[in-house]
Amino acid sequence: MFGIYLLRKETILSRKEYKRSMEHTPAGKPNFDWVAPFYDFLAFLVFGHRLRRAQVVFLNQIPTNAHILIVGGGTGWLLQQVLIHCQPNQVVYLEASAQMLARASKRVINHNIAGSVVFRVGDEMSLKPEKSFDVIMTPFVLDLFTEQYLQSGLIPQLQKVLNPSGLWFVTDFVNPRIGWQKLLLWTMIRFFRLTAGIKTVELADWQKLLAESGLQRSKQKGQVSGMVSTEVWYL
């Protein structure tokens, strides 16, 4: 019951903060408020359930009682799976979109899933360095940013809050080799440039950047006909 009470309280707070969401999102950062109402429908229309299946490939690698940070988890489907299957100590759910955050909290409440979850409107720059996590999850987040920002901003900021023995779970698009996949990725990037304000014009090589930052990859599995890679990295 404690977990459900916490979720209800945070749901109210996130909706009150809707008009202030852009204040939490630095200029030039993506914000998915506008696309939130139909984001899941679009993903299903294009990929079916394959993007969801990709996100849970290595979920059994999350240790019990872990402190987990989910960055940019969208409408909360992954959060729901983590609470059901992983028995975390606490999950911090960090979303730049207040609309996405409200939908994520509502999803967990509607499914009557108990668990200690802290919902926060913001991005990686709002994390305090004294707070650390056993697990960080970035589901389809790295593809939103330019190589320059990943290298100088997002990756080092998340590294600061990852425990020395922690794990970073990444599920994201990779540069495809097949013509129709290249066209699909190009279309997706242009769509989200218009609707969510992403700045990237091409997919960054996030795998190379993670390796160059000192992280090491322990697991990898290709998904969605090679368009997506699900990976586990560690310090």
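Look up: the structure comes first, before these words.
Residues numbered from 1 in each chain as written. Predicted model: local features only at pLDDT ≥ 70, side-chain atom pairs only at ≥ 80, totals over all residues. Heavy atoms only, no water.

Draft legend 1. Structural view of the overall build of the protein. Scanning the protein for helices and strands turns up nine helices and seven strands. In the protein, which comprises 235 residues, the share counted as buried stands at 54%. Across the protein, every contact between residues at least 6 apart in sequence was considered, and the portion connecting residues at least 24 apart equals 73%. A total accessible area of about 11500 Å² is found for the protein, and carbon and sulfur atoms account for 54% of it. (Helix = DSSP H or I, 4+ residues; strand = E, 2+ residues; numbered from the N terminus. Buried < 20%, exposed > 50% of the residue type's maximum accessible area, 1.4 Å probe, protein only. Contact = heavy atoms within 4.5 Å. Areas by Shrake-Rupley, 256 points an atom, 1.4 Å probe, with all protein chains shown as cover.)

Draft legend 2. The pairing of strand β7 (residues 228–234), seen in detail. Buried residues dominate β7, accounting for six of its seven residues. With seven bridges connecting them, strand β5 (residues 162–173) and β7 associate as antiparallel partners. Within the sheet, the bridge partner assigned to Asp172 lies in β7 and is Ser229. Bridge analysis of strand β6 (residues 216–223) against β7 gives seven bridges, and the strand direction is antiparallel. Directly across from Gly222, in β7, lies its bridge partner Ser229. (Pairing = 2+ DSSP bridges.)

Draft legend 3. Summary view of the nonpolar core. If you look at the biggest cluster of nonpolar residues, it comprises 48 residues, and the most contacted ones within it are Leu69, Leu150, Leu154, Trp168, Phe173 and Leu210. Once residues lying within four places of it in the same chain are set aside, the contact partners of Leu154 are Glu124, Val141, Leu142, Phe145, Tyr149 and Trp168. Formed by 26 residues, the second largest nonpolar core is a distinct cluster that contains Ile68, Tyr93, Ala98 and Val108. (Core = buried A, V, L, I, M, F, W, Y, C linked by side-chain atoms within 4.5 Å.)

Draft legend 4. Region of the structure containing the layout of surface pockets. A volume near 980 Å³ is recorded for the largest pocket. As for the largest pocket, its lining consists of 50 residues, of which Phe32, Tyr39, Pro139, Phe140 and Phe192 are closest to the centre. Those elements that provide at least two residues to the lining of the largest pocket are α3 (39–47), α4 (50–55), α5 (77–85), β2 (90–95) and α8 (179–195). Among the elements that line the lining of the largest pocket, the one with the most residues is α3, at eight residues. Its residues assigned to classes, the lining of the largest pocket comprises 31 nonpolar, 12 polar and seven charged. (1 Å grid on protein atoms, 1.4 Å probe; cavity = no way out; pocket = protein on both sides within 12 Å on 5 of 7 lines; lining within 4 Å. Points joined across faces, edges and corners; volume = space filled by probe spheres on them. Nonpolar A, V, L, I, M, F, W, Y, C, P; charged D, E, K, R; others polar.)

Draft legend 5. Summary view of the environment of Leu185. Along the chain, the position of Leu185 falls in helix α8. Separated by 18 residues in sequence, Leu185 and Leu203 have C-alpha atoms that sit 8.4 Å apart. Residues within four places of Leu185 in sequence aside, it is in contact with Phe173, Val174, Asn175, Pro176 and Leu203.

Draft legend 6. View of the packing of α3 against α8. Look at α3 against α8: their axes get within 13 Å of each other, and the N-to-C directions meet at 170°. Comparing their axes, α8 and α3 come out roughly antiparallel. Along the contact surface, α3 presents Tyr39, Leu42, Val46 and Phe47, while α8 presents Leu184, Met188, Phe191 and Phe192. Grouping the amino acids of the contact of α3 with α8 by side-chain chemistry returns eight nonpolar, no polar and no charged. (Axes fitted to C-alpha atoms, helices over the stretch in contact; angles between N-to-C directions. Parallel < 35°, antiparallel > 145°, perpendicular 65-115°, else oblique.)

Read these as geometric descriptors, not functional statements.
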